[in-house]
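Notes for the structure review
Listed below are the residues making up each chain.
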Amino acid sequence: MFKNYLLLALRNLKKQKVFSIINIAGLTVGILSCLMIFLFVQNEFSYDNFHENGNNIYRVMRVAERNGNRETIPYLSPPYATAIKNDYPDAVKTAVRVMPAGGLVSYENVAFNEKEIYFTDADFFSLFDFKLTAGDKKTVLQNPGSVVLTETAAKKYFGKQDPIGKVLILDKELQLKVTGVAKDIPTNSHLNFDLVVPISNYSNSDWFREWNNNNLFTYVQLNPKTDVDKLTGSFTAFMDKYVNEETGEKTGLDLSRLEDIYFESAGPWDQVKHGNLNVVYIFMSIAFLILFIACINFMNLSTARATERSKEVGLRKVLGAVRRQLVFQFIGESILLAAISCLLALGLLQFFMPAFNSLLGYELQGYWKNPNLYVFIAVIIVVIGLLAGSYPAFLLSSFSPVESLKGKLRLGTGGAFFRKVLVVFQFSCTVLLIIGMMIIGSQMNYVRTKNLGFDKERSVVVKLDNNEIWTGMNRFKQQLQNNPSIENVSLMSGAPGGFHDSFTFQVEGMPGDDLQFRTVFADFEYVRTLGLKILAGRDFSPAFPTDSGQAVLINRAAAVKLGVTPEKAPGMRLRNTMRDSVSRTVVGVVENFHFLSLRETIEPMVISGSMDRRVAVIKLKNGDPGQAINAIKKAYTGIAPVYPFEFEFLDQQFDHQYQTDQRQQYILSGFSAIAIFIACLGLFGLASYTAVRRTKEIGVRKVLGSSTQNIVILLSKDLLKPVLLGTLIAIPLGYAAMYQWLQSFAYRTSLHWWVFAVAAITAVLIALITVSFQAVKAATANPVKSLRTE
Amino acid sequence: MIQLKHIFHWVNQGGKRVFILKDINMEVNEGEFISVMGASGSGKSTLLHILGTIQEPNEGDYFLKGESVYQLKEKQRSLLMKQNIGIVFQAYHLIDELTVYENIETPLLYLNIPASERKARVAEMLDKFQIVGKKDLFPSQLSGGQQQIVGIARALIIEPTLLLADEPTGNLNSKQGEEIMNIFKELNQEGVTIVQVTHSEKNAAYGTRIITLSDGQIEHAKNDQ
């Protein structure tokens, strides 16, 4: 019996080539997209699930109330770990500090500027399950002068030599002997390192004992029986005891579960990898939509073909088949199709994975070994088989045998109506995706071209991230300023788009609540280098020697927060409660500019001359930038000879903030194209089916004198109506969805009507071309031929 | 073997009942070869469909081997039918996607007969009708007469007690038709009960009894012997 069905199904596939190709191609592409998205989603949800004690591991977070918002900050100072272990001996099993840092690492005559060095406590490898291929996880970090490298990092320094026992030099001073090699970090780990160095190297430093030096992460492993709520509840007393008394702030403490860290919105300064749950949901919806569209094709084509197979069904009933057997046969056929498509999709997956990986920006590894992939495929086969096969199965098996044998089935309106409803659905989904793609595109364009209020062109950012360049920064600046191809140089704590810490300020003459301001610490060239506009007062100037210690500039938003017009602001005095002992005078007000991404509104900011220099922004003159960059490189290597010179253009660096959105745009575009393709494939099938079915009618009409044009219109009209309706339904849905998406940007493009018009016209036009292709073919055929076949 | 009692069948046309069959009472005994005749639209085919339970009348009773067919549950009725009745159609109605062999085999699949026995019985059938050489051909590769032979083989594979034939020679030329009728005659002599619907006096003459339908009613039954 089964063999009989299988044979019949395969022969049917072969006989109905067009339908089979459309069905299989549509399903294959749909399943392929789903598989890719599944692998992505599965990876997102698998973050940090490989740690054996993961359920008991937490990251300790500081909690602060800022302007009424609860903000969590992942950085803690070194004494927290010791104190937590000390104060909660029953609850806390271990506490491990992880300090991410960068540094120059050298071995013999090779040196690299490493960006992912973790300084950690000795139990790092016992707490986390990063597998060591060499070395013992309990002892590798015991000795301060030891280091563990990942396999890739080890290869970089030592090639094929055995790394164990070799000595690396960190920042030209610290000698580190390799004691272990770790497997490369899996993609789904929020922690990501190349080298691990014992933090005990710093335990004698002064900063290591300060409570307010918040520069590292603290992870704790709790005893399994610990009541976590009770523990976090007792943190208020802990903070009061150690921290708040000293600083006068009201900071709290909380725990984040290890597996929750990845999806936490921990602010832009958290250096670990983060994901966005919304993006995951968007992807899942897209996968669902595409699969749905492909299933609709299947259902549509099968029901359209139902009349052709009705004879077979009638016969089988006469020959003794009961309904259940027929349903089983047809669902079996669709499961077979789904299985073929799945196999093809798996083959194609191998082929397209590299492209998908580069689109994602990271590698999804080892997916062939992932059992979930196969479970997913099995589920897909069954679900598609049932979903796509059940309607035709039940429809076909409900035919009365007499009618189907006589060939006068009254399938007519019911089935056709259902098919149209499905096409409406299909095109709603498609147009929805096109609208999404276009609006994300136009927002990205808006973001890239919007006037940011500062001059981002021809500016180079060089990090002052090693001791040599840091101590020689004034010399560096001096040399560059003397260079004819360079217009201006400014040293600052953070370039636009970079780090702008919040501080509490006390305003003289405004008793009561202290105010929060964003800050940047910079030299006197800040305003000129970035091309900011002074609204009132004056810029910092060397003519006023007190400026560096006693003056600040503020932006317009800060003036508004202070409750004065920009003209009135100069002369006001404020004090940074953390950093300054005396108040500073506002000497000028600058126009607002986007020092944060366009997701954020422009916040009130204070520009002050305090010493905190982390980057140099170098404004080039018109002319060949290559020459200027060579000059910068020369100056840099003159001061910090061993360190590799690295730089970035300010505009590019600023745009990096939208990298995820950019990726989303590309991926959404790709999947929209796929959705349109599948939907049109289905439409093409329906059109060719209609054309075949109406061959005789067309022949008669032509003999009676109808023009080709009339026949094309006749055939197209029927199929285009549901497409138009689907498009109309999609427009308000798309508007609502994209309006929601745009809310995540403080500055956004308006939802132009033409975006919707273009999306609608694109979909309808593609549908029209698809349908009329078949219609023209049918209409231009010789009527004598089509009549003779009857 | 078969009794039809007060069979009425009608369709509604413009609020009026138009009778297709009107108070049909008939009996078919084992070993008979009955020819049903009548003009187009007299209800012959409907009567045959009712006998084959492809169609159910609006009123009336049908007894097969003493069982009241319409009182049976769907499953039991289906079983009774597929074990006892073989049908041959005017348009052959073979499944185009299956080979001759597979077409003949299909009814056995629905009787859950094991593969080895199926093989033996299909082989026997192929042999009987001398179509062994054609077993791997598809219906479209056969002539009409050959297709009808396959159709008969398929009807006989279940070893039916009753063979129903709806104008079995209607689509064939006279030589092919004669061949088919001879097969029917032989089958009848082997003990198969046959009811055929036909237009042709000549074909009707092969039977043992003729029933003539006119406007849904049995005109008269005449016995040849």
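All of these numbers come straight from a predicted model, not from anything done at the bench. (Residues numbered from 1 in each chain as written. Chains lettered and ligands numbered in written order. Predicted model: local features only at pLDDT ≥ 70, side-chain atom pairs only at ≥ 80, totals over all residues. Heavy atoms only, no water.)

As for the overall build of chain B
- When its secondary structure is counted, chain B shows seven helices and ten strands.
- The C-alpha atoms of chain B give a radius of gyration of 18 Å, which matches the 17 Å a tight globule of 225 residues would have.
- Counting only C-alpha atoms, chain B reaches 50 × 40 × 40 Å along its principal axes.
- Scored against the burial criterion, the 225 residues of chain B give a buried share of 55%.
- The contacts of chain B with a sequence gap of at least 6 include a subset with a gap of at least 24, amounting to 70%.
- Summed over all atoms, the accessible surface of chain B reaches about 10,300 Å², with 44% contributed by carbon and sulfur.
- With 22 positive and 28 negative side-chain charges, chain B shows a spacing of 2 Å between the two charge centroids. (Helix = DSSP H or I, 4+ residues; strand = E, 2+ residues; numbered from the N terminus. Rg over C-alpha atoms; globule rule 2.2 N^0.38 Å. Buried < 20%, exposed > 50% of the residue type's maximum accessible area, 1.4 Å probe, protein only. Contact = heavy atoms within 4.5 Å. Areas by Shrake-Rupley, 256 points an atom, 1.4 Å probe, with all protein chains shown as cover. Lys, Arg positive; Asp, Glu negative; His and termini not counted. Charge placed at Lys NZ, Arg CZ, Asp CG, Glu CD.)

Observations concerning the sheet that holds strand S22 (residues 648-649) of chain A
Residues and elements named next belong to chain A.
- Read from one edge of the open sheet, four strands run S13-S21-S12-S22, paired in antiparallel fashion. Two strands in the sheet have a free side with no partner beyond their single neighbour: strand S13 (486-492) and S22.
- As paired strands, strand S12 (residues 459-463) and strand S21 (residues 615-620) are joined by five bridges and run antiparallel to one another. In the sheet register, Lys-463 faces S21, and the bridge partner there is Val-615.
- Packing against the sheet, helix H15 (residues 473-481) makes contact with S13 and S21, and its axis sits at approximately 165° to S13.
- Of the strands in this sheet, S12, S13, S21 and S22 are in contact with helix H19 (residues 625-639), which crosses S12 at around 20°. (Pairing = 2+ DSSP bridges. Axes fitted to C-alpha atoms, helices over the stretch in contact; angles between N-to-C directions.)

Observations concerning the sheet that holds strand S4 (residues 59-64) of chain B
All names here are of chain B.
- Ordered in space as S2-S1-S4-S5, the four strands form an open sheet in which the pairing is antiparallel. At either margin of the open sheet sits one strand with a lone partner, and together these are strand S2 (16-28) and strand S5 (67-68).
- In this structure, S4 lies alongside S5, joined through two bridges in antiparallel fashion. Opposite Leu-64, over in S5, you have Glu-67 as the bridge partner.
- With respect to the sheet, helix H1 (residues 44-51) is in contact with strand S1 (2-13), S2 and S4, its orientation differing from that of S2 by roughly 60°.

Quick notes on the packing of helix H1 (residues 2-15) of chain A against helix H10 (residues 323-360) of chain A
Residue and element names in this part refer to chain A.
- Across the interface, H1 lies against H10 with an axial gap of 10 Å and an inter-helix angle of 55°. By the angle class used here, H1 and H10 are oblique. Of the two elements, H1 crosses H10, and the hand of that crossing is right-handed. Contacts between H1 and H10 involve Tyr-5, Leu-6, Leu-8, Ala-9, Leu-10, Asn-12 and Leu-13 from the first element and Gln-325, Phe-328, Gln-329, Glu-333, Leu-336, Leu-337 and Ile-340 from the second.
- Looking at the contact of H1 with H10 residue by residue, the class counts come to ten nonpolar, three polar and one charged. (Parallel < 35°, antiparallel > 145°, perpendicular 65-115°, else oblique. Left-handed = near helix turned anticlockwise from the far one by under 90°. Nonpolar A, V, L, I, M, F, W, Y, C, P; charged D, E, K, R; others polar.)

Some details on the pattern of salt bridges
Residues and elements named next belong to chain A.
- The tally for this structure, following the rule as stated, stands at 27 salt bridges over all chains.
- Note that Arg-579 is salt-bridged to Asp-612, the shortest N-O span being 3.4 Å. One end of the pair, Arg-579, is in the loop between strand S18 (573-576) and strand S19 (584-590); the other, Asp-612, is in the loop between strand S20 (605-608) and S21, and 33 residues separate them in sequence.
- Overall, Asp-612 belongs to the buried group, its relative accessible area being 12%. (Salt bridge = Lys/Arg side-chain N within 4 Å of Asp/Glu carboxyl O.)

Details of the side chain of Asn-203 of chain B
- With respect to the helices, strands and loops of the structure, Asn-203 of chain B is situated in helix H7 (residues 201-204).
- Given a relative accessible area of 10%, Asn-203 of chain B falls into the buried group.

A closer look at the packing of aromatic side chains
- Per the counting criterion, the structure on display carries 51 aromatic pairs over all chains.
- The interplanar angle of 20° and the centroid separation of 5.6 Å between the aromatic rings of Phe-645 of chain A and Phe-647 of chain A together place this pair among those described as stacked.
- One aromatic cluster is present, built from ring pairs that chain together Phe-50, Tyr-118, Phe-124, Phe-125, Phe-128, Phe-130, Phe-193 and Tyr-219 of chain A.
- The lysine or arginine in question, Arg-579 of chain A, covers the ring of Phe-521 of chain A, its NZ or CZ lying 4.3 Å from the ring centre.
- In this structure, Arg-17 of chain B packs its charged tip against the face of Trp-10 of chain B, placed 3.9 Å from the ring centre. (Phe/Tyr/Trp six-rings, centres within 6.5 Å; stacked < 30°, edge-to-face > 60°. Lys NZ or Arg CZ within 6 Å of the ring centre and 35° of its normal.)

What about the domain arrangement of chain A?
- Examined at the domain level, chain A breaks down into domain 1 (1-47 + 275-410), domain 2 (54-263), domain 3 (412-449 + 665-790) and domain 4 (467-642).
- Put simply, the middle of domain 2 of chain A and the middle of domain 3 of chain A, counted by C-alpha atoms, are 55 Å apart. (Domains from an automatic or database assignment.)

So, the side chain of Ser-459 of chain A
- Checked against the element boundaries, Ser-459 of chain A lands in strand S12.
- Apart from residues no more than four positions distant in its own chain, Ser-459 of chain A is found in contact with Val-617, Ile-618, Lys-619, Glu-648, Phe-649 and Leu-650 of chain A.

Considerations on the interface of chain B and chain A
- At the interface, 25 residues of chain B touch 25 residues of chain A.
- The largest share of the area that chain B buries against chain A comes from His-93, Glu-97 and Tyr-110 of chain B, three residues that together contribute 33% of it.
- The interface formed by chain B and chain A contains zero salt bridges.
- At the boundary of chain B with chain A, the tally comes to one residue pair in polar contact (both at pLDDT 80 or more).
- Broken down by element, the side of chain B that touches chain A gets its largest block of residues, five residues, from helix H3 (residues 100-109) of chain B. (Buried area = accessible area lost by both parts, 1.4 Å probe. Polar contact = N/O pair within 3.5 Å; in protein donor to acceptor, adjacent residues only side chain to side chain.)

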